[in-house]
Every structure is written in structure tokens, then in C-alpha cells.
Amino acid sequence: MSYAHHRRGGACLRLLTGVGLVLFVVWSAAPILWLALSSVLEQQALIARPPDLSPHNLTFSNFTTVIGSAAALGRGMLNSLIVALFATLASLALGAPAAYALARLSVPRASAIAFLVLATQMLPSIAIAIPLFLVISRLGLIDNLFSLGVVYLSFNLPIVIWILRNFFLGIPEGLEKAAAIDGAGVIGTFWHIVLPISLPPLGAAAVFAFVEAWNEFFFALILTRQSAQTVPLVIAAFAGQYQTVFGQMMAAALISVVPVILLAVLFRDWIVRGFADGMMKG
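All values derive from a computational prediction rather than experimental measurement.

> Go over the side chain of S39, please, and point to the residues and values.
Along the chain, S39 falls in the loop between helix 1 (2-38) and helix 2 (43-47). A relative accessible area of 0% places S39 in the buried class. Discounting chain neighbours no more than four positions away, the residues touching S39 are T59, N62, F63, G247, M250, A251 and L254.

What follows is the structure, given as C-alpha cells:
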């Protein structure tokens, strides 16, 4: 009886786990599915209460309209790509050495410094928006991709440092001692020993930084005008003063998330391994 009871308990646990996973997947995928469905519905069907999901309301005219007038969307995606790549590469180039220094070198109060670095993320964006705008405005860098990339770097860098520091703390010190015995200095050890075995967390941090920069809206809104507008601002422009063209907005949004989805799919193994290594070793 106890064995049968144990088997029933195990079956119930597996069933509950499966139901929970299904609910989680549905909950996570629902926004993307609704985005895809809305992008192929006519305007009247979308603004109906409730939305009319009848097959005869399906249309690809939203995509043809958006692609046909793709100048703004294409420019926005190119601007987002430039800014996101700059912020990602710069955050890795600066964050990896900083994280290694906080993890391995004799930096006074390294843990406190690492916490303060992460604590900068707790500041609300609106608290620094006005002084940041004034500084960039006086430098004449409003509507400039470089200044926008530097701003994105400022909030990507702390997360990159935190992720990589946790991983570096878990690297066996014997590897670095062996490199030191062979005559390698700190820079040589970091470049030839530490970085090659840190590709998964570096990849995870890079994907995180890229996605954050690609999706950022608030600072792009206040620091750009026309030429440096990123793709979130282009999508927001479909909300007019008197009417929001929901179908075209959804079509443009769906096109804009394709690069991010492809990036996540291509580097999914690195993302999972990188965050897992960082959490377990940190």
C-alpha cells in the first residue's frame, strides 16, 4: 500500500509540475502570441469590444504598409543596432577587467564597491533624467548616437560587472597560480587564462546588455529628436494625436523583436550556462 501510495504521490507531483510549466509557458508566450495575432488583424477588429478575432478580419496589409514606408523603421532599427552594439561592446571591454579586479585583486572593500556599483541601478530614471539632459544639451550632443550609447553604457556596465564578478569568484585560484608560476602577469593571466574559460558568462552578459539597450525607451525619448531615434520611438510614433494605428504598430513591433529573438535562440546555451555559472559560483 505504501509503495502504491508513493507512486500515486509521485504521479500527482509530476502532473502538478507539468501543469505549472504549461501555465508558465502560456503566461510568458501570451504577449508575443497576442502581438503576432494583432499584427494581422484589421484596425476595426482590434478596437472592437471585445476584439473581433474572426478569420475574415485577418490581413497582411499592416506589414505591407509598414514595409512599404520602411524608411523610418529601417533608420530606427539601424540606430538601435549601432547604439546597442556600442553599449554592449563597451560594457564588456570595461566591465570584464573591472569585475576581475573586484574578484581577484587586492582592492580595498571590493565587496562594498561591488554593492555600490549594483546600487546605482536602484536610482529611478526620472531622478537623473533632467540633470543628464542638461549636461548633454550643453555639450551639444542631443540627438547624437554616441551620447545615447554612453548613457546606455552607464546602466549596462553595473550589471555586466556584477554578473562577471560572481563568475570570476568561482574560478579555482590554482589556475591563476599556475599561470603566475609560468611567468604570466595579471594582464596575461586575465587575457590568456580567465577570458577563454569565461565565454558563457561573457555571452550571457553581452546578450543582456544588447537587449536592454535595444529595448530602452525613456532616455531615447528625451535625448533624441529625429536623426538618432531608435526603434522603440519609431514604433511609438504610430500612436497619433487622434488615432492609434494598432495593427501597424503591432506589425512594426513584431519586426523589431525578430533580431532579439534570433539573438536569444542563437546564444541560448551560452545564456543558460552563463547565468547558471554566475549564480552557482558567485
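> I'd love a proper account of the side chain of T230, names of residues and values included.
Mapped onto the fold, T230 is located in the loop between helix 11 (218-223) and helix 12 (231-236). T230 gets classed as buried once you look at its relative accessible area, which sits at 2%. Filtering out sequence-adjacent residues up to four positions away, T230 remains in contact with G76, N79, S80, L148, E216 and A220.

> How would you explain the packing of helix 8 (residues 173-181) against helix 9 (residues 186-194) if you had to name every residue and give the values?
If you want to describe how two helices pack, look at the angle between their axes and the distance between the axes. Viewed as axis vectors pointing N to C, helix 8 and helix 9 meet at an angle of 125°, and their least axial separation amounts to 10 Å. The orientation of helix 8 relative to helix 9 falls into the category oblique. Once helix 8 is placed against helix 9, the crossing between them reads as right-handed. Packed against helix 8, whose contacting residues are L175, E176 and A179, the element helix 9 presents T189, I193 and V194 at the interface.

> Just give me the short version of the nonpolar core, but keep the residues and values in it.
Ranked by size, the top nonpolar core spans 31 residues in total, and within it L73 and Y152 carry the most contacts. Those elements giving two or more residues to this core turn out to be helix 3 (61-68), helix 4 (71-104), helix 7 (145-169), helix 10 (199-215), helix 11, helix 12 and helix 13 (246-266). Of the residues forming this core, the biggest block, 6 residues, is contributed by helix 13. Formed by 23 residues, the second largest nonpolar core is a distinct cluster that contains A99, I159, I163 and F168.

> Describe the layout of surface pockets, and please don't skip the residues or the numbers.
In this structure, the largest pocket encloses a volume near 390 Å³. Every residue lining the largest pocket is counted, 15 residues in all, and those nearest its centre are Q121, S125, I128, F155 and F219. Secondary-structure elements contributing two or more residues to the lining of the largest pocket are helix 6 (125-138), helix 7 and helix 10. It is helix 7 that contributes the most residues to the lining of the largest pocket, 4 residues altogether. Classifying every residue of the lining of the largest pocket by side-chain character gives 9 nonpolar, 4 polar and 2 charged. Its volume calculated, the second largest pocket comes out at about 230 Å³. The residue inventory of the lining of the second largest pocket, partitioned by class, reads 9 nonpolar, 2 polar and no charged.

About the criteria used
- Residues numbered from 1 in each chain as written.
- Predicted model: local features only at pLDDT ≥ 70, side-chain atom pairs only at ≥ 80, totals over all residues.
- Heavy atoms only, no water.
- Helix = DSSP H or I, 4+ residues; strand = E, 2+ residues; numbered from the N terminus.
- Buried < 20%, exposed > 50% of the residue type's maximum accessible area, 1.4 Å probe, protein only.
- Contact = heavy atoms within 4.5 Å.
- Axes fitted to C-alpha atoms, helices over the stretch in contact; angles between N-to-C directions.
- Parallel < 35°, antiparallel > 145°, perpendicular 65-115°, else oblique.
- Left-handed = near helix turned anticlockwise from the far one by under 90°.
- Core = buried A, V, L, I, M, F, W, Y, C linked by side-chain atoms within 4.5 Å.
- 1 Å grid on protein atoms, 1.4 Å probe; cavity = no way out; pocket = protein on both sides within 12 Å on 5 of 7 lines; lining within 4 Å.
- Points joined across faces, edges and corners; volume = space filled by probe spheres on them.
- Nonpolar A, V, L, I, M, F, W, Y, C, P; charged D, E, K, R; others polar.

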